[in-house]
Amino acid sequence: QVQLVESGGGLVQPGGSLRLSCVASPRIFSSIFSRSTMSWYRQAPGKQRELVASITSGENTNYADSVKGRSTISRDNAKNTIHLQMNSLSPEDTAVYYCKLDWVGYSGGRWGQGTQVIVSS
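I will try to describe carefully the structure that is included in this document.

## Considering the overall build of the protein
Consideration 1: Along its length, the protein carries one helix and eleven strands.
Consideration 2: Its C-alpha atoms give the protein a radius of gyration of 14 Å, within 12% of the compact-globule value 14 Å for 121 residues.
Consideration 3: Summarising its shape, the C-alpha atoms of the protein cover approximately 40 × 25 × 20 Å along the three principal directions.
Consideration 4: With 121 residues in all, the protein has 44% of them scored as buried.
Consideration 5: Looking at the protein alone, contacts between residues at least 24 apart form 55% of all its contacts between residues at least 6 apart.
Consideration 6: If you sum the accessible surface of the protein, you get close to 6,300 Å²; carbon and sulfur atoms cover 48% of it.
Consideration 7: A distance of 6 Å separates the average location of the 12 positive side-chain charges in the protein from that of its 8 negative side-chain charges.

## Here we look at the environment of T37
Consideration 1: With respect to the helices, strands and loops of the structure, T37 is situated in strand β4 (residues 37-43).
Consideration 2: Separated by 65 residues in sequence, T37 and D102 have C-alpha atoms that sit 5.2 Å apart.

## Thoughts on the packing of aromatic side chains
Consideration 1: Enumeration according to the criterion identifies three aromatic pairs in this entry.
Consideration 2: Ring centres of Y41 and W111 lie 4.9 Å apart, and the angle between their planes is 65°; on these two criteria the pair is classed as edge-to-face. Taken together, the residues span a long stretch of sequence, with Y41 in strand β4 and W111 in strand β10 (residues 110-111) at a distance of 70 residues.
Consideration 3: The class of W111 is partly exposed, set by a relative accessible area of 33%.
Consideration 4: Put simply, the rings of Y41, Y98 and W111 touch in pairs and so form one group of aromatic residues.
Consideration 5: Above the ring of Y98, the side-chain terminus of R49 is found at 3.7 Å from the ring centroid.
Consideration 6: Positioned over the ring face of F33 is R75, at 5.0 Å from the centre of the ring.

## A look at the nonpolar core
Consideration 1: Ranked by internal contacts, the top residues of the largest apolar core, which has 31 residues, are L4, M38, W40, L84 and Y97.
Consideration 2: Of all the secondary structure elements, the ones that give two or more residues to this core are β3 (18-25), α1 (30-34), β4, β5 (50-55), β8 (81-86), β9 (95-102) and β11 (115-119).
Consideration 3: Setting aside its immediate chain neighbours within four residues, L84 contacts L18, R19, L20, W40, V52, A53, S71, T72, I73 and Y97.

## Side note on the environment of C22
Consideration 1: Along the chain, C22 falls in strand β3.
Consideration 2: The spatial distance from the C-alpha of C22 to the C-alpha of T115 is 9.6 Å, given a sequence separation of 93 residues.
Consideration 3: For C22, the residues in contact, after removing those within four places along its chain, are L4, V5, E6, W40, N80, T81, I82 and C99.

What counts, and where the lines are drawn
- Residues numbered from 1 in each chain as written.
- Predicted model: local features only at pLDDT ≥ 70, side-chain atom pairs only at ≥ 80, totals over all residues.
- Heavy atoms only, no water.
- Helix = DSSP H or I, 4+ residues; strand = E, 2+ residues; numbered from the N terminus.
- Rg over C-alpha atoms; globule rule 2.2 N^0.38 Å.
- Buried < 20%, exposed > 50% of the residue type's maximum accessible area, 1.4 Å probe, protein only.
- Contact = heavy atoms within 4.5 Å.
- Areas by Shrake-Rupley, 256 points an atom, 1.4 Å probe, with all protein chains shown as cover.
- Lys, Arg positive; Asp, Glu negative; His and termini not counted.
- Charge placed at Lys NZ, Arg CZ, Asp CG, Glu CD.
- Phe/Tyr/Trp six-rings, centres within 6.5 Å; stacked < 30°, edge-to-face > 60°.
- Lys NZ or Arg CZ within 6 Å of the ring centre and 35° of its normal.
- Core = buried A, V, L, I, M, F, W, Y, C linked by side-chain atoms within 4.5 Å.

Just geometry here; none of it tells us what the structure is for.
Next comes the structure, spelled out in structure tokens:
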């Protein structure tokens, strides 16, 4: 069973940056990871979970309008890892950020446990 572990969250001041990471394990699932679409979602208090960014196996990317132009999603298949670089953070970016793996063999995909991001002065 693949597990996704996010890291990199924390408290950051408005205007600052964060780099979130998500690692899929165990490594024996590398062939699945490389063929998966990987995504970042976020859920703010009292709001629905929303897509932030995604990257396909062919490295096509997609961003929510709210983060477009200040965020970059990337993947490193050799390390079963994806990253989300977020810049110019505002309090509206405060949320729990979740990593998701979508692969044809996993109905509903697989989710990580989330990492908290708080943007506050």
